[in-house]
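Coordinate inspection notes
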Amino acid sequence: MPLSLIDTSRHIVLIAHIDPDADSLGSACAFYSHLIRTHKKVTLFCASEHIDPNLAFIPWFEKFTHRFPEDADCMISFDCGSYARLGVDRALPLIVFDHHESNNGYGTHTIFNTDAISTTEVVYEYFVANGVKINGKIATALYAGLLDDSKCFRASECSAKTFAMAHALNELGADHALCCEWLFRRRSLSSLRVRGFLLKQMTLLADGRLALFEVPLSLSEESGASVAECTSVLDEALEMRCVQISLMIIERPNGGIKLSLRSEGLINAANMMTPLGGGGHAKRAGAVLREENQNKRVKDLITMITKELV
C-alpha cells in the first residue's frame, strides 16, 4: 500500500513532469509540505532545468532541483500521464498520482482518477481520506493546480465537486488573489511577443476548423518564450467561432518536435496523441517525436484530423 511504502522509505523524491504546469508543481509542493512534517528526507525534482518563473508563487517552488539524488529509495510522481513524462528512469518503487485518461497504469502504486479535473484534486482527496491536516501552504499549492486546470473555473469539466473543493481550500487558507495574479494576469515580454507572432502566422485548415501553429527553434531562442507561453495561444484559437481543434508543432533544442493539441470535444485529443507515444485528456494532449520520419508522422496526423473534421 502507498502509505506503508511512504512510511518505510528514507529518502522520497517528489517528481513534477517535464515542462511542469501549476497542477504538477502544486501537487508535488503540497505533498512536500505534508512529508516534511513527518521529518523524512524529501527532494522536489523536475527534469526540466528551467521552470516557468510565473509559477514561483507556489510554496516550496525554490526547492526544486533537476539533479536526481543518488540515495533516494522511493519516488512519487504527480500529473505524469506516462512514464516518459517523469524525465528520469530509476529502478525504484514509484507511487503515481494522476488524472490523465491516457495513463496506462505504470508504477508500483497508482492513485488515479480520470474524473478529477486536476491532479491536485486527486491529492486533495488522498489527504482528506487519510486525515492529513491541510495548512495554508498546502491549500495554496492545491488551489493553484485546481485553478489552472479548470481555466479559472471556465472549463466545461467544472462541477459542483470542483467548487466545493475550491471553497474548502479557501477556508483552509488558499490565497486566491495570489494564484489568479500569477496564473492569469502576469505576462512576460517574451510571451507577448511570441503570442503576436504565432497568431499572425496561424494557418487555418479543414474549412477553418483546424488552427495550425508552427514554432521553429529560431523563434523560441530569439523570443525567449517558454513552451507554456507558446502553447497558451492554442486555447485562444479555440475561442474563434469556426475553430474546433488547434495543433502546435514546436521544434526542440535537442532534436525532435513537441506536439500540443487542444480540442473542443468533437475529436478526442488523447486518442490522437497516444499512437505517437504521447497522451493526455480528451480536450488536451501532447506528444514528443524524435524519429527520422517525424515530418511524415505530423503530415499523417494533420490528414487524420482533417478527415475527422470534414
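Above this text you will find the structure in question.
Residues numbered from 1 in each chain as written. Predicted model: local features only at pLDDT ≥ 70, side-chain atom pairs only at ≥ 80, totals over all residues. Heavy atoms only, no water.

**Comments concerning helix α9 (residues 227-237)**
- Listed as buried for α9 are Glu229, Cys230, Thr231, Val233, Leu234 and Ala237.
- Where α9 is buried, its residues touch α7 (189-201), β8 (210-215), β9 (245-251) and β10 (257-263). (Buried < 20%, exposed > 50% of the residue type's maximum accessible area, 1.4 Å probe, protein only. Helix = DSSP H or I, 4+ residues; strand = E, 2+ residues; numbered from the N terminus. Contact = heavy atoms within 4.5 Å.)

**So, the pattern of salt bridges**
- The full count for this structure, using the stated rule, is twelve salt bridges.
- A salt bridge links glutamate 121 to lysine 161; the shortest N-O distance between them is 3.6 Å. Residue glutamate 121 is found in helix α3 (residues 119-129), and its partner lysine 161 is found in helix α5 (residues 160-171); the two are separated by 40 residues along the sequence.
- The partner of arginine 185 in a salt bridge is glutamate 181, with the nearest N and O atoms 2.8 Å apart. Here the residue arginine 185 and the residue glutamate 181 both occupy positions in helix α6 (residues 176-185), the gap between them amounting to four residues, near one helical turn.
- By relative accessible area, which is 58% here, arginine 185 ends up exposed.
- With relative accessibility at 22%, the residue glutamate 181 sits in the partly exposed group.
- Via salt bridges that share partners, Lys151, Asp235, Arg262 and Arg284 belong to a single interconnected network. (Salt bridge = Lys/Arg side-chain N within 4 Å of Asp/Glu carboxyl O.)

**Here we look at the sheet that holds strand β1 (residues 11-16)**
- Here six strands make up an open sheet; going across it, the order is β3-β2-β1-β4-β5-β6 and the pairing parallel. For this open sheet the edge positions go to β3 (64-65) and β6 (109-112), each flanked by a neighbour on one side alone.
- In this sheet, β3 lies alongside strand β2 (residues 41-46) in parallel orientation, the contact comprising two bridges. If you follow phenylalanine 45 over to β3, its bridge partner there is threonine 65.
- In the packing of helix α2 (residues 22-36) onto the sheet, the strands contacted are β1, β2, β3, β4 (74-78) and β5 (94-98), and the crossing angle to β1 comes to about 160 degrees.
- Across the sheet, α3 lies against β4, β5 and β6, angled at about 115 degrees from β5, the strand it touches most. (Pairing = 2+ DSSP bridges. Axes fitted to C-alpha atoms, helices over the stretch in contact; angles between N-to-C directions.)

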